[in-house]
There are 2 protein chains.
Amino acid sequence: MPRVSSDQLEARRRQILDGARECFARHGYEGATVRRLEQTTGLSRGAIFHYFRDKQALFLAIAEQDARVMAAVVAEQGLVQVMRELLSSPDSRPAGWTGTYLEMARKARTDEAFRGHWQAYSAELTTATRNRLERQAASGALRADVDLTVLTQYLELVLEGLVSHLAMGLPAGHLASVLDVVEQSVRRTTAPVDGAGAVG
Amino acid sequence: MPRVSSDQLEARRRQILDGARECFARHGYEGATVRRLEQTTGLSRGAIFHYFRDKQALFLAIAEQDARVMAAVVAEQGLVQVMRELLSSPDSRPAGWTGTYLEMARKARTDEAFRGHWQAYSAELTTATRNRLERQAASGALRADVDLTVLTQYLELVLEGLVSHLAMGLPAGHLASVLDVVEQSVRRTTAPVDGAGAVG
């Protein structure tokens, strides 16, 4: 048996996640059969379930990956910027992201264990969002009359709306201007957004 | 055959919609089999499909009913008030409302015809929201620096987030305070909400 480097293991794992994401987005959780997972990942069931215990573990790994990527971008650029990028290319970050969202939301609804895991991953996004808001509050960029916990949940609620909207394939309409309103409403003043750095 | 009054027809139609809503919320669209629809409605398939051509027509009728109810409340009390009520009793308006939302969102994602119908019903909610904002703008209660079209879509985006959040069974947390932020952000001033009438 050939020796496999950890880079190769990681690449294989990513290949499975990418293919599985596409499969869940297209066929739904129940519709993502083992046979279809084999087709979209290009790997055998043996290989797939060598890396992931079962279908639910695979689904959860996608949710975890999404939360990690989002949290990293939030830490650097803020949640509003994440939303702006989602809006400009809804299916690019990461590929098919909005597509699996409704499947996960639906599974969280009916499966308490899954909901628990999902909430744990979402907590990373909450922490990243809150940490960034704290830094901005310290620099005086944020409104001070509303608790940071509330502002954090406000931004997350808008994100949930945006992802749900895009996942349904609804038109973007004036959502770019809507995000301006959102950004203004967490700033210290409500003056029109100037050239200053992004908030949120 | 006994003669049936139009009141009785309407009551029967409502009985089917209520039972079907519960069935879709619990089992999902695909999982809502004819047999399960018979159980939750308490009626035979013959009776059910006398009123609705097929399962999709039944599902669409629920979406239409939801949009009508929401639009009526929005016209009277505003979209923020609808959200406050949704928050205080997520499953009461109408029964199981948030439960079917994710099913509909998911079907809209993959079924273009369904998406078209759903957008048409949502348009009624948009119109009701916008009409109310226009009346409030005329009375000087709204901020004037952002187009009403944008404010309308802003409120609708928050609603989408809220419904998605509640449908997943996630904790309400500080959402009541979040809605205060939302309400303030469409008002003329950003001073803390006083005792004045609800906006939005």
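Residues numbered from 1 in each chain as written. Chains lettered and ligands numbered in written order. Predicted model: local features only at pLDDT ≥ 70, side-chain atom pairs only at ≥ 80, totals over all residues. Heavy atoms only, no water.

Things to note about helix 5 (residues 79–88) of chain A
Every α-helical turn comprises 3.6 residues, leaving residues that sit three or four positions apart pointing alike.
Part 1 of the argument: The buried count for helix 5 of chain A comes to seven of 10 residues, which makes it a mostly enclosed element.
Part 2 of the argument: If you check which residues of helix 5 of chain A are buried, you get A:L79, A:V80, A:V82, A:M83, A:E85, A:L86 and A:L87. (Buried < 20%, exposed > 50% of the residue type's maximum accessible area, 1.4 Å probe, protein only. Helix = DSSP H or I, 4+ residues; strand = E, 2+ residues; numbered from the N terminus.)

Digging into the side chain of B:K107
Part 1 of the argument: Relative to the helices and strands, B:K107 resides in helix 6 (residues 97–110).
Part 2 of the argument: For B:K107, the contacting residues outside a window of four places in its chain are B:Y29, B:Q56, B:F59 and B:F114. (Contact = heavy atoms within 4.5 Å.)

Brief notes about the UniProt feature "domain: HTH tetR-type" (unreviewed entry) in chain A
Part 1 of the argument: Residues annotated by UniProt as "domain: HTH tetR-type" (unreviewed entry) correspond here to residues 10–70 of chain A.
Part 2 of the argument: Segment residues 10–70 of chain A splits into 87% helix and 0% strand. End C-alpha atoms: 20 Å apart. (UniProt positions renumbered as here; feature names shortened; annotations may be inferred.)

Some details on the pattern of salt bridges
Part 1 of the argument: The tally for this structure, following the rule as stated, stands at 28 salt bridges over all chains.
Part 2 of the argument: As a salt-bridge pair, B:R106 and A:E103 come within 2.2 Å of each other at their nearest N and O atoms. Taken together, the residues B:R106 in helix 6 and A:E103 in helix 6 (residues 97–110) connect one chain to another. Pair check on accessibility: B:R106 and A:E103 agree, each one buried. (Salt bridge = Lys/Arg side-chain N within 4 Å of Asp/Glu carboxyl O.)

Considerations on the domain arrangement of chain A
Residue and element names in this part refer to chain A.
Part 1 of the argument: Considered domain by domain, chain A is made up of domain 1 (1–52) and domain 2 (56–195).
Part 2 of the argument: Each of domain 1 and domain 2 has a C-alpha centre, and these two points are 27 Å apart.
Part 3 of the argument: Taken together, the contact between domain 1 and domain 2 spans 14 residues of the former and 17 residues of the latter.
Part 4 of the argument: Buried area between domain 1 and domain 2, both sides added, is near 1300 Å², and the carbon and sulfur share of it is 67%.
Part 5 of the argument: For the pair domain 1 and domain 2, the interface holds two salt bridges.
Part 6 of the argument: Among the ionic pairs, E30 bridges to R106, the shortest N-O distance being 3.5 Å. (Domains from an automatic or database assignment. Buried area = accessible area lost by both parts, 1.4 Å probe.)

Describing the UniProt feature "DNA-binding region" (unreviewed entry) in chain A
Part 1 of the argument: The positions UniProt marks with the feature "DNA-binding region" (unreviewed entry) are residues 33–52 of chain A.
Part 2 of the argument: The span residues 33–52 of chain A shows a helical share of 75% and a strand share of 0%, and its end C-alpha atoms are spaced 15 Å apart.

Looking at the packing of aromatic side chains
All names here are of chain A.
Part 1 of the argument: Enumeration over the complete set of coordinates arrives at 12 aromatic pairs over all chains.
Part 2 of the argument: Look at F24 and F59: their rings are 4.6 Å apart centre to centre, the planes differ by 65 degrees, and that puts the pair in the edge-to-face class. Here the residue F24 occupies a position in helix 1 (residues 6–31), and F59 occupies one in helix 4 (residues 55–77), the gap between them amounting to 35 residues.
Part 3 of the argument: Under the relative-accessibility criterion, F24 is labelled buried at 0%.
Part 4 of the argument: Note on F59: relative accessible area 0%, which makes it buried.
Part 5 of the argument: Feature note: the residues F24, Y29, F59, Y101, F114 and W118 constitute an aromatic cluster, connected by ring pairs.
Part 6 of the argument: When the ring centre of Y29 is taken as origin, the NZ or CZ atom of K55, which lies over that ring, is 4.6 Å away. (Phe/Tyr/Trp six-rings, centres within 6.5 Å; stacked < 30°, edge-to-face > 60°. Lys NZ or Arg CZ within 6 Å of the ring centre and 35° of its normal.)

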